[in-house]
Amino acid sequence: MKPVCPCCQSLAVYEMTDGTHDRLIDELLSPTAMISLGISLCKSFKVHPVIGVMTGTAIATLIEMAQSKNALPILINKQYRCDDCTHVFTAFN
């Protein structure tokens, strides 16, 4: 359901994004990166690479579960801005 501006009742609103979300960190902590890091570490310590795959997968799963956007999606609030009256308001999911 698209939010409505509380001031002018317009439907011409868009979601504002915060600048704190860093895409590079998401890529570095991705499952692919964690698995390849685990394999690389196992090769350097002369341990079987399958152990690195399992360890990397486990760490990537824990990281994804611990991220706040996945852990409590109900509590995330979004900010919207009206194109007509330039009012900024918050809507809760």
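Residues numbered from 1 in each chain as written. Predicted model: local features only at pLDDT ≥ 70, side-chain atom pairs only at ≥ 80, totals over all residues. Heavy atoms only, no water.

Together, Leu37, Leu41, Phe45, Val47, Val50, Ile51 and Met54 make up an exposed nonpolar region whose accessible area comes to about 670 Å². Contributing elements (two or more residues each) for the nonpolar patch: helix H2 (31-44) and helix H3 (49-66). The dominant element in the nonpolar patch, judged by the number of residues it contributes, is H3, at three residues. Topologically, leucine 37 is positioned in helix H2. (Patch = residues over 30% accessible without salt bridge, like charges linked within 9 Å, V, L, I, M, F, W, Y side chains within 5 Å. Areas by Shrake-Rupley, 256 points an atom, 1.4 Å probe, with all protein chains shown as cover. Salt bridge = Lys/Arg side-chain N within 4 Å of Asp/Glu carboxyl O. Helix = DSSP H or I, 4+ residues; strand = E, 2+ residues; numbered from the N terminus.)

Now for the nonpolar core. Among the nonpolar cores identified, the biggest contains five residues, and these are Cys5, Val13, Tyr80, Cys82 and Phe89. Residue contacts for phenylalanine 89: discarding those within four places in its chain leaves Pro3, Val4, Cys5, Pro6, Val13, Lys78, Gln79 and Tyr80. (Core = buried A, V, L, I, M, F, W, Y, C linked by side-chain atoms within 4.5 Å. Buried < 20%, exposed > 50% of the residue type's maximum accessible area, 1.4 Å probe, protein only. Contact = heavy atoms within 4.5 Å.)

With that settled, consider the confidence of the model for the chain. Confidence in the prediction of the chain, expressed as mean pLDDT, is 80, and 76% of residues score 70 or more. Between the elements of the chain, mean pLDDT differs from a low of 53, seen in helix H4 (residues 68-71), to a high of 91, seen in H2. (pLDDT = per-residue confidence, 0-100.)

Positioned with a positive phi, lysine 46 is a non-glycine residue whose angle comes to about 55 degrees. Within the secondary structure, lysine 46 sits in the loop between H2 and H3. With phi around 55 degrees, threonine 86 is a residue other than glycine that occupies positive phi space. Counting through the fold element by element, threonine 86 comes out in the loop between strand E2 (77-82) and strand E3 (88-92).

Turning next to the packing of H2 against H3. Packing of H2 against H3 brings their axes to within 7 Å, and their N-to-C directions diverge by 145 degrees. Crossing of H2 over H3 shows right-handed handedness. Residues Pro31, Met34, Ile35, Gly38, Ile39, Cys42 and Lys43 of H2 touch H3, and the partners they reach there are Pro49, Ile51, Gly52, Val53, Gly56, Thr57, Ile59, Ala60, Ile63 and Glu64. Here the residues of the contact of H2 with H3 sort into 11 nonpolar, four polar and two charged. (Axes fitted to C-alpha atoms, helices over the stretch in contact; angles between N-to-C directions. Left-handed = near helix turned anticlockwise from the far one by under 90°. Nonpolar A, V, L, I, M, F, W, Y, C, P; charged D, E, K, R; others polar.)

A rise of 1.5 Å per residue sets the reference length of H2, with its 14 residues, at 20 Å; its end C-alpha atoms lie 20 Å apart and thus fit the reference within 8%. Turning to H2, its buried residues number three or more, namely Met34, Gly38 and Cys42. Buried residues along H2 cover an arc of 70 degrees about the axis, so they all sit on one side. Exposed and facing more than 90 degrees away from the buried side of H2 are Thr32, Lys43 and Ser44. At the exit of H2 stands lysine 46, carrying a positive phi of roughly 55 degrees. (Expected span 1.5 Å × (residues − 1). Arc of directions from axis to C-beta.)

Attention now goes to the environment of proline 6. Looking at the element boundaries, proline 6 is found in the segment before strand E1 (13-16). Judged by its relative accessible area of 46%, proline 6 is partly exposed. Through-space distance from the C-alpha of proline 6 to that of threonine 90 is 9.9 Å; in sequence the pair is 84 residues apart. Once you skip the residues sitting within four places of it in the chain, proline 6 turns out to touch His87 and Phe89.

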